[in-house]
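In case you want the letters, here they are:
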Amino acid sequence: AQSVTQPDIHITVSEGASLELRCNYSYGATPYLFWYVQSPGQGLQLLLKYFSGDTLVQGIKGFEAEFKRSQSSFNLRKPSVHWSDAAEYFCASVGDSWGKLQFGAGTQVVVTP
Amino acid sequence: GAVVSQHPSWVICKSGTSVKIECRSLDFQATTMFWYRQFPKQSLMLMATSNEGSKATYEQGVEKDKFLINHASLTLSTLTVTSAHPEDSSFYICSARTSGQETQYFGPGTRLLVL
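Just so it is clear, the structure is predicted and the values come from calculations on it, not from any experiment. (Residues numbered from 1 in each chain as written. Chains lettered and ligands numbered in written order. Predicted model: local features only at pLDDT ≥ 70, side-chain atom pairs only at ≥ 80, totals over all residues. Heavy atoms only, no water.)

Let's shift gears to the overall build of chain A. When helices and strands are tallied, chain A shows 0 helices and 12 strands. Taking 13 Å as the expected radius of gyration for a compact globule of 113 residues, we find that chain A reaches 13 Å, a close match to that expectation. Taken over the C-alpha atoms alone, chain A extends approximately 45 × 30 × 20 Å along its principal axes. In chain A, 53% of the contacts between residues at least 6 apart in sequence involve partners at least 24 apart. (Helix = DSSP H or I, 4+ residues; strand = E, 2+ residues; numbered from the N terminus. Rg over C-alpha atoms; globule rule 2.2 N^0.38 Å. Contact = heavy atoms within 4.5 Å.)

Structure representation (structure tokens):
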């Protein structure tokens, strides 16, 4: 079965430091991959997506992600985090022809002063 | 662009009553809408997929008679929780996408509390 794994449940990072969130997928063909961010009590906001082409994808809020087929990974990065980046981050892939999203468990990011 | 709204954002109801949640795509035609449920500190759980003008397809374990979904237009889908009970209390989120596009855009969610 197709799956998305986010190995890190919780990450604490200092403001101004770099951030990397890991995501691994299990899918035979080239998947459609997404990163979403969720602030407390809010819906999900799309940060970026990868369908094909350039494996380094730029998103909103200064985030980028790199698709690595050899590692089945789609890690999210930000060079310098801001306190407002504290949130829950979800990696997802399209799991079937209906367009259903397969979500990872999410990574909670805490930003310390 | 690609804005999805939900109404209400908060609802409190008594056990046994029904609650309707609306999901609207404001600036695009949502040929497919998805309804999710999210428990605290957990990921999203897909409840059902609805295509405009068709009956919704429910995920295994989701009671279709309890969670009624209507997708009567290209901009509106509704989720009605019938005879709500305290265990139905949760955060319900909808998403929408347009035909030929894989990206889902999410609404802000509706928190339901059943007393």
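Still more to cover.
Trp35, Leu48, Leu76 and Tyr89 of chain A are the most contacted members of the largest nonpolar core, which has 25 residues in total. Sequence-distant contacts of tyrosine 89 of chain A, defined by excluding residues within four places in its chain, comprise Gln6, Leu21, Trp35, Tyr36, Val37, Leu47, Phe63, Leu76, Gly106, Thr107 and Val109 of chain A. Listed in part, the 24 residues of the second largest apolar core include Cys13, Met33, Ala84 and Val114 of chain B. (Core = buried A, V, L, I, M, F, W, Y, C linked by side-chain atoms within 4.5 Å. Buried < 20%, exposed > 50% of the residue type's maximum accessible area, 1.4 Å probe, protein only.)

The next point concerns the side chain of asparagine 75 of chain A. Residues and elements named next belong to chain A. As for its position among the elements, asparagine 75 is in strand β9 (residues 73–78). Assessed through its relative accessible area of 14%, asparagine 75 is described here as buried. A polar contact of 3.3 Å, which involves the side chain of asparagine 75, links it to the side chain of glutamate 20. When residues no more than four places from it in sequence are discounted, the contact partners of asparagine 75 are Glu20, Leu21, Arg22, Cys23, Trp35, Glu64, Ala65 and Glu66. (Polar contact = N/O pair within 3.5 Å; in protein donor to acceptor, adjacent residues only side chain to side chain.)

Another point: the pattern of salt bridges. Residue and element names in this part refer to chain A. Counted under the stated rule, the structure contains 8 salt bridges over all chains. The closest approach of N and O atoms between aspartate 8 and arginine 22, which form a salt bridge, is 2.9 Å. With aspartate 8 in the loop between β1 (3–5) and β2 (10–14) and arginine 22 in the loop between β3 (19–21) and β4 (24–26), this pair connects stretches of sequence that are 14 residues apart. Members of the salt-bridge network, linked through shared partners, are Glu64, Glu66 and Arg77. (Salt bridge = Lys/Arg side-chain N within 4 Å of Asp/Glu carboxyl O.)

A separate point is the packing of aromatic side chains. Per the stated rule, a full pass over the model turns up 15 aromatic pairs over all chains. Between tyrosine 36 of chain A and phenylalanine 106 of chain B, the aromatic rings sit 5.0 Å apart at their centres with planes inclined by 80°, giving edge-to-face as the arrangement. Taken together, the residues tyrosine 36 of chain A in strand β5 (residues 33–38) and phenylalanine 106 of chain B in strand β10 (residues 105–106) connect one chain to another. The burial state of tyrosine 36 of chain A is the same as that of phenylalanine 106 of chain B; both residues are buried. Within the aromatic cluster, the residues linked to one another by ring pairs are Tyr32, Phe34, Tyr36, Phe51, Phe90 and Phe103 of chain A together with Tyr36 and Phe106 of chain B. (Phe/Tyr/Trp six-rings, centres within 6.5 Å; stacked < 30°, edge-to-face > 60°.)

What follows covers the confidence of the model for chain A. Chain-level statistics for chain A give a pLDDT mean of 93 and a share of 97% at 70 or above. When pLDDT is averaged over each helix and strand of chain A, the minimum, 91, is found for strand β11 (residues 101–103) of chain A and the maximum, 98, for β3 of chain A. (pLDDT = per-residue confidence, 0-100.)

With respect to the helices and strands, glycine 99 of chain A occurs in the loop between β10 (87–94) and β11. Taking the C-alpha atoms as reference, glycine 99 of chain A lies 20 Å from serine 72 of chain A; in sequence the two are 27 residues apart. Apart from residues lying up to four places away in sequence, glycine 99 of chain A is in contact with Val94 of chain A together with Phe34, Arg97, Glu102 and Gln104 of chain B.

All names here are of chain B. Here phenylalanine 67 is to be found in strand β7 (residues 67–73). Separated by 53 residues in the primary sequence, phenylalanine 67 and lysine 14 have C-alpha atoms spaced 17 Å apart. Each residue touching phenylalanine 67, except ones within four places of it in the same chain, is listed here: Arg37, Met47, Tyr58, Val62, Leu79, Thr80, Val81, Asp88 and Tyr92.

Residues and elements named next belong to chain B. The antiparallel open sheet is built from 4 strands, whose spatial order is β1-β3-β8-β7. Because the sheet does not close on itself, it has two edges, and the strands there are β1 (4–7) and β7. For this sheet, the mean inter-axis angle between neighbouring strands, taken without regard to orientation, is 15°. Sheet topology note: the β1/strand β3 (residues 19–25) ladder contains 4 bridges and is antiparallel. Its bridge partner being in β3, histidine 7 is matched across the sheet by glutamate 22. (Pairing = 2+ DSSP bridges. Axes fitted to C-alpha atoms, helices over the stretch in contact; angles between N-to-C directions.)

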